[in-house]
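Read off the chains here:
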Amino acid sequence: MRTRPLKVALLGCGVVGSEVARIMTTHADDLAARIGAPVELAGVAVRRPSKVREGIDPALITTDATALVKRGDIDVVIEVIGGIEPARTLITTAFEHGASVVSANKALLAEDGAALHAAAEQHGRDLYYEAAVAGAIPLVRPLRESLAGDKVNRVLGIVNGTTNFILDKMDTSGAGYSEALDEATALGYAEADPTADVEGFDAAAKAAILAGIAFHTRVRIGDVHREGITEVTAADIASARRMGCTVKLLAICERAADGQSVTARVHPAMIPLSHPLASVREAYNAVFVEAEAAGQLMFYGPGAGGSPTASAVLGDLVAVCRNKLNEATGPGESAYTRLPVSPMGDVVTRYHISLDVADKPGVLAQVATVFAEKGVSIDTVRQQGRNPGSGDEVVIEQGGGGRRVGGEASLVVVTHRASDAALSATVEALRKLDTVRGVASIMRVEGE
Ligand code: HSE
């Protein structure tokens, strides 16, 4: 074993960075044995130098991250500060000064991954980022390496723990969105400003990264259709239950049936309770990968938190250090297919639409006509009367007849597969009907 250590610079020493430093120290001997050389923490760049950091030599702490990555003797830079800048400049500067980079920065990779990969390649260095997607769950390396000989057609996953916790809480307790969010905040699952999670930005960044790797093309966060969970209601969850489904925030990356394009989207969707993703509870993540030869694979585990994310960072650190000792680099960007990303309108799936309608003769026929005119085939219709004390519910399968209860009714239509564009046109036309008082919710149905 080489005795001269490989030098590591750590950018950021928060929840993840401090765990990385701790494990590097406590597992130093194992890491050295696995790599073939010791690894030494050579510097830690932080914003607040006065904060006490147990187990880290204060002499290693600096506020000058730029000087640290420019030192020239650093073998690997670990970037766990997040955000676009200064992370982007620090990473490119690290490559220019001879270091490889391990990053957990999903936002940056989803925004500018191509340029970072190009910089790594130009300088003959590695860029690894297992921790950027779903914390401890190995996904990037399996897609980049283990499945490199296969053809991935679909990636379907729960990649945000905060939203999964909220939706799971709504499902199990009947709570509304705000109540469930409050509980997530109180338990530390949601941040004080939960926007990135609940509006789907976090999941969209992960979807972009996964789609790019899975389909060997370039997908940026701006290519990902995004809807969050803030408008999911207790009624949606109850409706899903009646259909034998639950509601999850899904990241879905698909190769088009003709193989000529891909799509990437994040939105809440109903999935059958029998689907493996339906049993992913609390803040856990899981990703389903469908590949031509492998079939269906599922990756499951903790998708966030200091220790799980540090596990992914350290796995990358070992890989990058091994490459360094072998004077080699691991796989770089693979974007040779150059498949375009199609707009959301081209996505084909099923829909659950909840309408508030006047409950009088002919309404059902009017509604059905709109669906027919727009080429969207109805699978089932469920009507629930709104008369005081009525509570009537009639399930009308294809060809069945509705029961008029007078006053207002809630009509739930579930469609067969149709394009998102056709569904949008249908909803627009439905809104124009006098007898349709409102479109209460539209939710896609996946995983069937
Ligand atoms: N906030 C994310 C989540 C973890 O809830 O899954 C970091 O991506």
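Remember, predicted model here, so these are calculated numbers, not experimental data. (Residues numbered from 1 in each chain as written. Predicted model: local features only at pLDDT ≥ 70, side-chain atom pairs only at ≥ 80, totals over all residues. Heavy atoms only, no water.)

**As for the overall build of the protein chain**
So, step 1. Summing up its helical and strand segments, the protein chain has 14 helices and 18 strands in all.
So, step 2. Counting only C-alpha atoms, the protein chain reaches 85 × 45 × 30 Å along its principal axes.
So, step 3. The buried share of the protein chain, reckoned over its 448 residues, is 53%.
So, step 4. In the protein chain, once contacts between residues fewer than 6 apart in sequence are set aside, the share between residues at least 24 apart is 74%.
So, step 5. A total accessible area of about 19,100 Å² is found for the protein chain, and carbon and sulfur atoms account for 48% of it.
So, step 6. Between the centroid of the 44 positive side chains of the protein chain and the centroid of its 55 negative side chains there is a distance of 1 Å. (Helix = DSSP H or I, 4+ residues; strand = E, 2+ residues; numbered from the N terminus. Buried < 20%, exposed > 50% of the residue type's maximum accessible area, 1.4 Å probe, protein only. Contact = heavy atoms within 4.5 Å. Areas by Shrake-Rupley, 256 points an atom, 1.4 Å probe, with all protein chains shown as cover. Lys, Arg positive; Asp, Glu negative; His and termini not counted. Charge placed at Lys NZ, Arg CZ, Asp CG, Glu CD.)

**Observations concerning the pattern of salt bridges**
So, step 1. Applying the stated rule across the entire model yields 24 salt bridges.
So, step 2. Where salt bridges share partners, they join Arg 154, Glu 254, Arg 265, Glu 290 and Glu 446 into one cluster. (Salt bridge = Lys/Arg side-chain N within 4 Å of Asp/Glu carboxyl O.)

**Describing the UniProt feature "binding site: NADP(+)" (unreviewed entry) in the protein chain**
So, step 1. Following the UniProt record, one finds the feature "binding site: NADP(+)" (unreviewed entry) at Leu 11, Gly 12, Cys 13, Gly 14, Val 15, Val 16, Gly 17 and Ser 18.
So, step 2. Position of Val 16 relative to the elements: it lies in helix H1 (residues 15-26).
So, step 3. The contact partners of Val 16, leaving out residues within four places of it in the chain, are Val 80, Gly 306, Thr 309, Ala 310 and Val 313.
So, step 4. Turning to its location among the elements, Ser 18 is positioned in helix H1. (UniProt positions renumbered as here; feature names shortened; annotations may be inferred.)

**Some details on the pairing of strand S18 (residues 436-445)**
So, step 1. Note: strand S10 (residues 262-272) against S18, two bridges, orientation parallel. Residue pairing for S18: Ala 269 is matched across the bridge by Arg 444.
So, step 2. Examined bridge by bridge, strand S13 (residues 348-358) and S18 share eight bridges and lie antiparallel to one another. The residue bridging Val 357 from the neighbouring strand is Val 436, located in S18. (Pairing = 2+ DSSP bridges.)

**Here we look at the site of the ligand**
So, step 1. Every residue near the ligand is listed here: Lys 106, Asn 160, Gly 161, Thr 162, Asp 197, Asp 202, Lys 206 and Ala 304.
So, step 2. In the environment of the ligand, an oxygen atom lies 3.4 Å from a nitrogen or oxygen atom belonging to the side chain of Asn 160.
So, step 3. Here an oxygen atom of the ligand and a side-chain polar atom of Lys 206 are 2.8 Å apart.
So, step 4. Elements with a contribution of two residues or more to the shell around the ligand: helix H7 (161-173) and helix H10 (201-215).
So, step 5. In terms of residue class, the shell around the ligand is built from one nonpolar, three polar and four charged. (Near = heavy atom within 4 Å. Polar contact = N/O pair within 3.5 Å; in protein donor to acceptor, adjacent residues only side chain to side chain. Nonpolar A, V, L, I, M, F, W, Y, C, P; charged D, E, K, R; others polar.)

**Observations regarding a nonpolar patch on the surface**
So, step 1. A contiguous nonpolar surface patch, about 290 Å² in accessible area, is contributed by Tyr 284, Met 298 and Tyr 300.
So, step 2. Within the fold, Met 298 resides in strand S12 (residues 295-302).
So, step 3. On the accessibility criterion, Met 298 (33% relative accessible area) is partly exposed. (Patch = residues over 30% accessible without salt bridge, like charges linked within 9 Å, V, L, I, M, F, W, Y side chains within 5 Å.)

**Some thoughts on the packing of aromatic side chains**
To describe a pair of aromatic rings, you give the distance between the ring centres and the angle between the ring planes.
So, step 1. Within the structure shown, the criterion is met by two aromatic pairs.
So, step 2. Against the face of Phe 201 rests Arg 226, its NZ or CZ located 3.8 Å from the ring centre. (Phe/Tyr/Trp six-rings, centres within 6.5 Å; stacked < 30°, edge-to-face > 60°. Lys NZ or Arg CZ within 6 Å of the ring centre and 35° of its normal.)

**Examining the side chain of Asp 150**
So, step 1. Structurally, Asp 150 can be placed in the loop between helix H6 (140-146) and strand S7 (152-158).
So, step 2. The side chain of Asp 150 sits in the buried core without any salt bridge; Arg 255 is the nearest counter-charge, 8.4 Å away.
So, step 3. Here Glu 292 takes part through its backbone nitrogen, which lies 3.4 Å from a polar atom of the side chain of Asp 150.
So, step 4. For Asp 150, the contacting residues outside a window of four places in its chain are Ala 291, Glu 292, Ala 293 and Ala 294.

**Concerning the nonpolar core**
So, step 1. In terms of nonpolar packing, the biggest core is built from 79 residues, with Val 77, Val 152 and Ile 166 touching the most fellow members.
So, step 2. The element best represented in this core is H10, accounting for 11 residues.
So, step 3. Summarising the domain contributions, this core has at least three residues from each of domain 1 (6-135 + 307-325) and domain 2 (143-303).
So, step 4. Beyond its immediate chain neighbours, meaning those up to four positions away, Val 77 contacts Ala 9, Leu 11, Val 69, Ala 94, Ala 99, Ser 100, Val 101 and Val 102.
So, step 5. In this structure, Leu 6, Val 16, Leu 41 and Val 46 belong to the second largest nonpolar core, which totals 34 residues. (Core = buried A, V, L, I, M, F, W, Y, C linked by side-chain atoms within 4.5 Å. Domains from an automatic or database assignment.)

**Observations concerning the sheet that holds strand S4 (residues 76-79)**
So, step 1. Taken in spatial order, the six strands make up an open sheet running S3-S2-S1-S4-S5-S6, and their pairing is parallel. The sheet is open, and its two borders are formed by strand S3 (61-62) and strand S6 (127-128), each paired with just one other strand.

**A look at the domain arrangement of the protein chain**
Interface size is commonly expressed as the accessible area that is lost once the parts come together.
So, step 1. Partitioning the protein chain into structural domains gives domain 1 (6-135 + 307-325), domain 2 (143-303) and domain 3 (347-445).
So, step 2. Distance between the C-alpha centres of domain 2 and domain 3: 26 Å.
So, step 3. Facing the 14 residues of domain 2 at the interface are 12 residues of domain 3.
So, step 4. A combined buried area of about 1,100 Å² lies between domain 2 and domain 3, and 58% of that area is made up of carbon and sulfur atoms.
So, step 5. On the domain 2 side of the interface with domain 3, the three residues burying the most area are Arg 242, Met 243 and Met 270, jointly 43% of the side's total.
So, step 6. At the junction of domain 2 with domain 3, the criterion picks out one salt bridge.
So, step 7. Arg 444 serves as the salt-bridge partner of Glu 227, at 3.1 Å between the closest nitrogen and oxygen.
So, step 8. Taken together, the links from domain 2 to domain 3 amount to five residue pairs in polar contact (both at pLDDT 80 or more).
So, step 9. Elements supplying a minimum of two residues to the side of domain 2 that touches domain 3: helix H11 (234-242) and S10. (Buried area = accessible area lost by both parts, 1.4 Å probe.)

**Side note on unusual backbone geometry**
So, step 1. Between Glu 85 and Pro 86 the backbone carries a cis peptide bond, its omega angle lying at 10°.
So, step 2. Relative to the helices and strands, Pro 86 is located in the loop between S4 and helix H4 (87-96).
So, step 3. Residues other than glycine seldom take positive phi values, yet Ala 134 does so here, at roughly 60°.
So, step 4. Among the structural elements, Ala 134 can be located in the loop between S6 and H6.
So, step 5. Residue classification places Ala 134 among the buried residues on the basis of a relative accessible area of 1%.
So, step 6. The residue His 216 is not glycine, and still its phi comes out positive at about 55°.

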